[in-house]
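# Structural description and commentary
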Amino acid sequence: MNQQALIAQILAQRERWLEIEPGKRLRLRRPDRWGAQLFRKGDIDLLLAQVVGWEGFTEADLLGSAIGSADPAEFSPELFRTVARDRLDWIEQVTTQLLDMIQQAFEKEEAAAKN
């Protein structure tokens, strides 16, 4: 297996989907050990950077139905950061889910170290 494939698998193991609203999901990637330490300090940019994909979002969801179409909105980190800064309910859900993912990873490491 080449290095890029290994990296992709490592990162995929850190990912989980979060349904943010009915029919709308965000793909979260748990930060690495160093990033987890920074994350716990409340860095909003680091938090938002952990969202690496989405499903179910349309232009109307982002712009409002009077302006946006029903066409799917392509994910980009910059677009997500722009939209999410006005959606504190999303930020709260992402924060809760990421903290859970980090805690589970730490517990898994501790359990492996004891064996």
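Anything mentioned here points back to the structure above.
Bear in mind that the values here come from a model prediction, so they are computed numbers and not experimental data.

Attention now moves to the sheet that holds strand S3 (residues 51–55). Overall, antiparallel pairing links the 3 strands, which are arranged S1-S2-S3 in an open sheet. Because the sheet does not close on itself, it has two edges, and the strands there are strand S1 (15–21) and S3. Direction aside, the axes of adjacent strands within the sheet are offset by 25° on average. Sitting on the sheet, helix H6 (residues 88–114) touches S1, strand S2 (24–29) and S3, and the angle it makes with S1 is about 155°.

Right, let's get into the environment of Asp86. Mapping Asp86 onto the fold places it in the loop between helix H5 (77–84) and H6. Sequence separation between Asp86 and Leu47 is 39 residues; the distance between their C-alpha atoms is 14 Å.

The rules behind each value
- Each chain carries its own residue numbering, running from 1 in the direction its sequence is written.
- pLDDT decides what is reported in this predicted model: residues at 70 or higher carry local features, side-chain atom pairs at 80 or more are listed and counted, and totals for whole chains, interfaces and linings draw on all residues regardless.
- No hydrogens and no water enter the side-chain calculation; it runs on all heavy atoms of the structure.
- For two strands to pair, DSSP has to find at least two bridges joining them.
- In DSSP terms, a helix is any run of H or I states spanning at least four residues, a strand is any run of E spanning at least two, and both are numbered starting from the N terminus.
- For helices, the fitted axis covers only the stretch in contact; all axes are lines through C-alpha atoms, and the angles between them, taken along N-to-C directions, range from 0 to 180 degrees.
- The contact criterion used is simple: two residues touch if any of their non-hydrogen atoms lie within 4.5 Å.

Read these as geometric descriptors, not functional statements.
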